[in-house]
Amino acid sequence: MSVWIVFFIVIVGLSWFSYRYAWWRPHLNWNRPRILMYHMVREHVAGAKFNKLRVTPAQFEQQVKWLSEQGFHFVTMHQLCANWGKHPDKTVAITFDDGYEDNLSNALPILKKYNASATIYVVVDRHERDWSSYKKAHHNSGELARETKLTDLQIKQLVDSGLIEIGSHTLTHANLAAIDDQQRLKEMTESRYILQQQTGQAINSFAYPFGIYSETDVEAADQAGYLTAVTTVEGVDELLPKPDFLQLKRIKVSGKDNMLAFKCRIRTGQRGL
């Protein structure tokens, strides 16, 4: 093999590594809190479309253990925003979207092991509902509908653990861009009311379904009484001036990430290109 071929292979390999991990992005100050976005904690499904939403229990424990060993402070979303600017360096808020049963069966034991708090954004009418098709009609495989969701009793178990804050993810995981103002407000206000009745917990946190939202949706979230709302905009918010607490960024954690990719995202707030 010629020197030029070896050189070419090395250059391609380095380019792929830089593209995959974006190690060259600037390290963000640890005083800027990280908000992590998860969905499921369960094994991957062979041939499934949404395995990036499935972080395995082994992966999740490795990630939470690393955060704990690195001295991160775990908080709920309400704790984060109520103490914004007063929180210690290396503060992290773990969040889960949708309300999958494995958040209780697989994630909670790991959270308990490391005394880690989390916020779970629950869809009220979540059972046997394939909301992936609300965003793109051709995503109608029923894959997400077949995933077991939390029962109301299980949600109460999560709250009773003392580690979990419940937030709203609307009544039906609605695509807010596809419904009118009246429906939008109903999705936000009724889900908040129902979850408060079920949990006995103040429901102050909200997550925009699919991360699809506009200024009108932000205004509706405020009108519905939410104090915080998270998006799927990738990144880490500035410490000062205070961000808009109804448009908070998150770091997406993919089931297809390895530990190096996870560490890079925590440090830089961004995924690879």
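Calculation notes
Residues numbered from 1 in each chain as written. Predicted model: local features only at pLDDT ≥ 70, side-chain atom pairs only at ≥ 80, totals over all residues. Heavy atoms only, no water. pLDDT = per-residue confidence, 0-100. Contact = heavy atoms within 4.5 Å. Buried < 20%, exposed > 50% of the residue type's maximum accessible area, 1.4 Å probe, protein only. Helix = DSSP H or I, 4+ residues; strand = E, 2+ residues; numbered from the N terminus. Core = buried A, V, L, I, M, F, W, Y, C linked by side-chain atoms within 4.5 Å. Phe/Tyr/Trp six-rings, centres within 6.5 Å; stacked < 30°, edge-to-face > 60°.

Here the focus is the confidence of the model for the chain. Considering every residue of the chain, the mean pLDDT works out to 91; 89% of them sit at 70 or more. Between residues 6-19, whose pLDDT stays under 50, and residues either more than four places distant or in other chains, the model counts 10 contacts.

Summarising burial for strand β1 (residues 34-38): five of the five residues are buried, a large majority. Burial along β1 is two-sided: the residues Arg34, Leu36 and Tyr38 and Ile35 and Met37 are all buried.

The biggest cluster of nonpolar side chains holds 55 residues, and the ones touching the most others in it are Leu36, Phe60 and Phe96. For this core, the element with the highest residue contribution is helix α4 (residues 102-113), accounting for five residues. Among residues more than four places away in sequence, those in contact with Leu36 are Leu67, Val92, Ala93, Ile94, Thr95, Arg250, Ile251, Val253, Phe262 and Ile266. Formed by 13 residues, the second largest nonpolar core is a distinct cluster that contains Ile35, Cys81, Leu239 and Phe245.

Once that is clear, we can look at the packing of aromatic side chains. Inspection of every chain in the model, using the stated rule, returns 11 aromatic pairs. When the ring of Trp30 is compared with that of Phe72, the centres are 5.3 Å apart and the planes differ by 90°; the resulting orientation is edge-to-face. In this pair, Trp30 is assigned in the loop between α1 (3-21) and β1 and Phe72 in the loop between α2 (57-69) and β4 (73-74), connecting sequence segments 42 residues apart. Of the two residues, Trp30 and Phe72, both sit in the buried class. Here the aromatic rings of Tyr38 and Phe60 are separated by 5.1 Å at their centres, their planes lie at 90°, and the arrangement is edge-to-face.

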